[in-house]
Amino acid sequence: MSSLPMIPELLRQLMRKPATNLFPAKYLPPSVTEFLQSVASGKAHLTPPVETPPRFRGKIEYQRDGCIGCGLCVKVCPSHAIELLPETKRIRIWVDQCIFCSQCTDICPKGGLHMTDAFLLATEDRYEENLIVE
Amino acid sequence: MIGSWELAFIVLSAIIVTIYGIVVGLFLLGVDRKLAAHMQARVGPPIRQPFIDFRKLLIKENVIPENAIPWIFNLAPVMSLASSIVILLYLPIGSIYPPLGAYGDLILVMYLLTIPALCMVAGGFASGSPYASVGAQREMVTMIAYEFPLAIVVVAVAWRLAAAGIQDPFTLGSIAAYPLWSVAGPLGIIGGLLLLLVMAAVTPAELSRIPFDTQEAETELAGGLLVEYSGKNLAMFYLSQGVKTLVMAAIAVAVFIPWNLSSIVTLPEGVALVADLLFFLGKVILVMFFSVSLVRVAMARFQINRVVSVFWMYLGLIGLVGLLLLMADAALPAAGVLA
Amino acid sequence: MSEGSGRKAPYIIPIGPTHPALKEPVMFTFEMEGEMIKEVDFAPGQAHRGIEWMGMRRNPVQIVHLTDRICGICGVSHTFAFARAVEQIAEIEVPERADYIRALIAEFERIQSHLLWAGVAAHELGFDSLLHLTWRVREQSMDVIENLTGNRVNYGIIQVGGVRRDIVPEQHQVIEDCLNAYEGVISKLLELFLDDRSIALRCRDVGVLSHREALELCTVGPTARASGVNVDLRQDYPYSAYGDLDVRTILPDQYAGETRGDVYDRIVVRLLEVGQSCGIIRQCLDAMPAGEVTAEPKIAKLLAICKKASGEAIGRVEAPRGECFHYVRMEAQEAPHSWKVKASSYSNLMSWIPMLRGEQIADIPIIVASIDPCLSCTDRVAVIRGQRRDILSKEELHRLSVEATRRLQV
């Protein structure tokens, strides 16, 4: 087998467990919504995703109260995802457009912006309530 | 020649064999995918996935390209499936004697085996796509390449049986009833093992699997022969792929491991039939694992000229050595007695 | 059927712009004779995204995140080159520790990029098991990168003036574990790729690029090195921390004792570079001085510095695929006056022609993949005027580029 070194490797692997993390379930459920409902009611088990590292950049979090409306975050956002609302002097973040670079959290003089570890943000509606942070 | 009762029996068994062939064929494809996935440290699709795929293909649109020759293009998949099923009628399944066993032998099976491949060639040329044309040319070359070693295997086994004085050595009935290993001596057994190796190499070529899948070669020809096929036509080719897998494994089983469970252990009549069928399925999966699943995940694809040189030079040579060993074995009757 | 029977007349096989053999869009036209390639032509430029156009409307702090997204694989190389260009213009002195962190991340990127390539190459050969195995190994470096930078793909670690995150002592262990794992697995990978008969049959003496051709076509990176050309920016032009580190060009004869310039040699060079990168990361960890990681921690102040700067500069970095080159010109405005990116694949694309000529159809995927083309890096021109999209002919493009040069000269 020296000319086909893969064969022993494959046979060994056949006996081992696959490397895949079975998120959210072993096989694709026929309906994801129904699957999530049955998970909520405790009938099905959901395998959790791989853990995120400590300084992961996920969905942004905005502390409205500390904000002074300086607009620096708007200035550095590469994807123009942050909007300064002139009437309230507060910002609105369109997460749909956010590229998770965390530049706004670096520049915020009040430390009012944070990255959370939420990353399961896929949806069919780009303007969903979940995807607009204000 | 054929009585009406016999005709009715053949038609009925043909229907049963068709259903059996399709179901087991798709099941084998599922097992193959699962085994390959586990060897690659993946979970892989569920074993019923080929059934799901088949259903999906049936509800998809059947596109016929503008510059295709429609009648050949549409006929090829049906002919391919039909001819693969016909081969099954000549092959023993478990302890069940083949329904058409009395009307054809291994030589006929060898001829029939070329028909699905020829259908694919015809369908490929009729597609009117340069990818399919290249694929069809490669399929023809591959076919010419592997027919020679396959013929050596068939002839060598039958010749050894004939030398042992067995009647009708080419019929699958006799081959299954007198396994090569029980007839041949030590030399013959070595020869038989070499022939088994050749058979194991011919199987992936016949099924156009890696390393001999040059005619479909996903990364080169984007599916080659099948590139223009979709919907029902592709579903037919998919089914025939499953049935062909069963056929190739069943030929290897019939020629090289023909024993049945009922001939080893005594079992009550009804149980014996089921047990033999399951045992047969086990043997088929075993053959498929070693000659299809393992090979296709453990090697890179060959170039087409390499396919020809592998079959004509290396495997042809191995087959001839096997044949010579079997001849030598027959020429030394003492060895046979010793065994 | 006419194409099959007409043996004599060459027939045309188009491959692309989308084809399973190509991971990114490019259009090939092959003139075939039977299974043999007689002549080949290709047309890149199918993946325009207008990133430079976007960059000329943004400030350097924003552009850094655009450069991250020029390429999904060598994200840090583009950012590195761009940041170095801007730093030269604005005369920003990068702290030494930041240089080391930049080099360390760049080497991790090289590891994951080369492993990714090795997997793709295996897939092109129809060897999917090796693809799955290599990518499983690659995952470890991705995990470390995620741990260090906060993201697996668009790292966002480099900022003009330094890096955005320090490597804390707890992370040393994570890096150490990964390096140990790699040093154990590299010999295994070398065995699986280079001792395998079925791979050697497909790669030896396939897609040969001679030393002379490699020089004449100005190839860069592993493509050039596999043909025996001794070029490596880290050795020839030691930027950032590389001046302090021991980096020697890897050439295929160090493994096989000879240089043939074929696909096999390209595998050799890339796999050996994975091992080399592990060594460089170790050197970085040992030699990394303490101190600040950025010249200007206040981003608002950095913006002001960049706004005042004027001048032009070039940033050069050895990306996994070869030299990556950024030209930036700033004229005391928020956005740069001009910004031009020359990705490494741009220099390597022309080497396809001599490699492919005379080979078989079956070899097209592996030869095309063997230079590790990154077309989304290379293609960057889009002309959109209002709602109308224009396709420009060669003459028009030539005229426009002459005009653009004139504008720059004024």
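Values in this document were obtained by computation on a predicted structure and should not be read as measured data.

Q: Got a minute to help me understand the overall build of chain B in this structure?
A: Within chain B, the regular secondary structure consists of 14 helices and 0 strands. Starting at the N terminus and ending at the C terminus, chain B contains elements arranged as α-α-α-α-α-α-α-α-α-α-α-α-α-α. Here the C-alpha atoms of chain B give a radius of gyration of 20 Å, agreeing with the 20 Å that 2.2 N^0.38 yields for 339 residues. With the principal axes as the frame, chain B shows a C-alpha extent of 65 × 50 × 50 Å. Here chain B holds 339 residues, and 58% of them are scored as buried. Within chain B, contacts between residues separated by at least 24 positions form 78% of all contacts whose residues are at least 6 apart in sequence. Across chain B, the mean location of the 16 positive side-chain charges is 11 Å away from that of the 18 negative side-chain charges.

Q: Which parts of the structure should I look at to understand the sheet that holds strand 2 (residues 82-85) of chain A?
A: What links the strands of a sheet is backbone hydrogen bonding, and the strands pair in either a parallel or an antiparallel sense. All names here are of chain A. Spatial ordering of the open sheet is given by 2-3-5, a layout of 3 strands whose pairing is antiparallel. Because the sheet does not close on itself, it has two edges, and the strands there are strand 2 and strand 5 (132-133). The pairing of strand 2 with strand 3 (residues 90-94) spans 4 bridges and is classified as antiparallel. Each bridged residue has a counterpart across the sheet, and for Leu 85 the counterpart in strand 3 is Arg 90.

Q: Looking at this model, I keep getting lost on the packing of aromatic side chains. Mind explaining?
A: Any pair of aromatic rings gets described here by the distance separating the centres and the angle formed by the planes. A complete count under the given rule lists 17 aromatic pairs over all chains for this structure. Aromatic side chains Phe 56 of chain A and Phe 119 of chain A sit 5.9 Å apart centroid to centroid with 70 degrees between the ring planes, which places their arrangement in the edge-to-face category. Here Phe 56 of chain A is found in the loop between helix 2 (32-40) and strand 1 (60-62), whereas its partner Phe 119 of chain A is found in the loop between strand 4 (113-115) and strand 5, with 63 residues between them in sequence. Under the relative-accessibility criterion, Phe 56 of chain A is labelled buried at 12%. Since its relative accessible area comes to 38%, Phe 119 of chain A is described here as partly exposed. By way of ring pairs, the aromatic residues Tyr 146, Phe 212, Phe 302 and Phe 311 of chain B are connected into one cluster. The lysine or arginine in question, Arg 57 of chain C, covers the ring of Trp 53 of chain C, its NZ or CZ lying 4.2 Å from the ring centre. Over the face of the ring belonging to Trp 135 of chain C we find Arg 138 of chain C, whose NZ or CZ atom lies 5.7 Å from the ring centre.

Q: Got a minute to help me understand the interface of chain C and chain B in this structure?
A: When the parts of a complex come together, some accessible area is lost, and that lost area is often used as the size of the interface. Each partner contributes residues to the interface: chain C has 34 residues there, and chain B has 26 residues. On the surface where chain C and chain B come into contact, there are 0 salt bridges. In this assembly, chain C and chain B are joined by 10 residue pairs in polar contact (both at pLDDT 80 or more). Of all the secondary structure elements, the ones that give two or more residues to the side of chain C that touches chain B are helix 1 (2-5), strand 1 (11-15), helix 5 (96-124), helix 6 (128-149) and helix 8 (197-203) of chain C.

Q: Where do I start with the side chain of Lys 59 of chain A in this structure?
A: Residue and element names in this part refer to chain A. Along the chain, Lys 59 turns up in the loop between helix 2 and strand 1. It is Glu 128 that comes nearest to the buried, bridge-free Lys 59 among opposite-charge side chains, at 7.9 Å. Engagement of the side chain of Lys 59 in a polar contact is seen with the side chain of Asn 130, the distance being 2.7 Å. Residues within four places of Lys 59 in sequence aside, it is in contact with Val 95, Phe 100, His 114, Met 115, Thr 116, Ala 118, Leu 121, Asn 130 and Val 133.

Q: Got a minute to help me understand the pattern of salt bridges in this structure?
A: A side chain with one charge can pair with a side chain of the opposite charge if their charged atoms come near. Residue and element names in this part refer to chain C. As enumerated under the stated definition, the model contains 36 salt bridges over all chains in all. Measuring nitrogen to oxygen at the nearest pair gives 3.0 Å for the salt bridge that ties Arg 225 to Glu 318. One end of the pair, Arg 225, is in helix 10 (residues 221-226); the other, Glu 318, is in strand 6 (residues 310-319), with 93 residues separating them in the sequence. Judged by relative accessible area, Arg 225 falls into the buried class, the value being 0%. Judged by relative accessible area, Glu 318 falls into the buried class, the value being 4%.

Q: Looking at this model, I keep getting lost on the side chain of His 65 of chain C. Mind explaining?
A: Mapped onto the secondary structure, His 65 of chain C falls in helix 3 (residues 60-68). Assessed through its relative accessible area of 0%, His 65 of chain C is described here as buried. Here Gln 103 of chain A takes part through its side chain, which lies 2.6 Å from a polar atom of the side chain of His 65 of chain C.

Q: How should I be thinking about the sheet that holds strand 2 (residues 27-33) of chain C in this particular structure?
A: All names here are of chain C. Reading across the sheet, the 3 strands line up as 1-2-3 and stay open at both edges, with antiparallel pairing between neighbours. Edge positions in the open sheet fall to strand 1 and strand 3 (36-43), since each of these has one partner strand only. Across the sheet, the axes of successive neighbouring strands diverge by a mean angle of 20 degrees, strand direction being ignored. Inspection of the sheet shows strand 2 paired to strand 3 by 7 bridges, in the antiparallel sense. Pairing of Glu 33 across the sheet is with Met 36, part of strand 3.

Q: Would you mind going over the interface of chain A and chain B with me for this structure?
A: Taken together, the 13 residues of chain A in the interface contact 16 residues of chain B. Between chain A and chain B, roughly 1200 Å² of surface is buried when both sides are summed, and carbon and sulfur atoms account for 77% of that area. Three residues, Leu 10, Leu 14 and Tyr 27 of chain A, lead the burial of chain A against chain B; their summed loss comes to 43% of the area buried on that side. Our count for the contact surface shared by chain A and chain B stands at 0 salt bridges. Summed over the shared surface of chain A and chain B, the number is 2 residue pairs in polar contact (both at pLDDT 80 or more). When the residues that make up the side of chain A that touches chain B are grouped by side-chain class, the tally is 10 nonpolar, 2 polar and 1 charged.

What counts as what
Residues numbered from 1 in each chain as written. Chains lettered and ligands numbered in written order. Predicted model: local features only at pLDDT ≥ 70, side-chain atom pairs only at ≥ 80, totals over all residues. Heavy atoms only, no water. Helix = DSSP H or I, 4+ residues; strand = E, 2+ residues; numbered from the N terminus. Rg over C-alpha atoms; globule rule 2.2 N^0.38 Å. Buried < 20%, exposed > 50% of the residue type's maximum accessible area, 1.4 Å probe, protein only. Contact = heavy atoms within 4.5 Å. Lys, Arg positive; Asp, Glu negative; His and termini not counted. Charge placed at Lys NZ, Arg CZ, Asp CG, Glu CD. Pairing = 2+ DSSP bridges. Phe/Tyr/Trp six-rings, centres within 6.5 Å; stacked < 30°, edge-to-face > 60°. Lys NZ or Arg CZ within 6 Å of the ring centre and 35° of its normal. Salt bridge = Lys/Arg side-chain N within 4 Å of Asp/Glu carboxyl O. Polar contact = N/O pair within 3.5 Å; in protein donor to acceptor, adjacent residues only side chain to side chain. Axes fitted to C-alpha atoms, helices over the stretch in contact; angles between N-to-C directions. Buried area = accessible area lost by both parts, 1.4 Å probe. Nonpolar A, V, L, I, M, F, W, Y, C, P; charged D, E, K, R; others polar.

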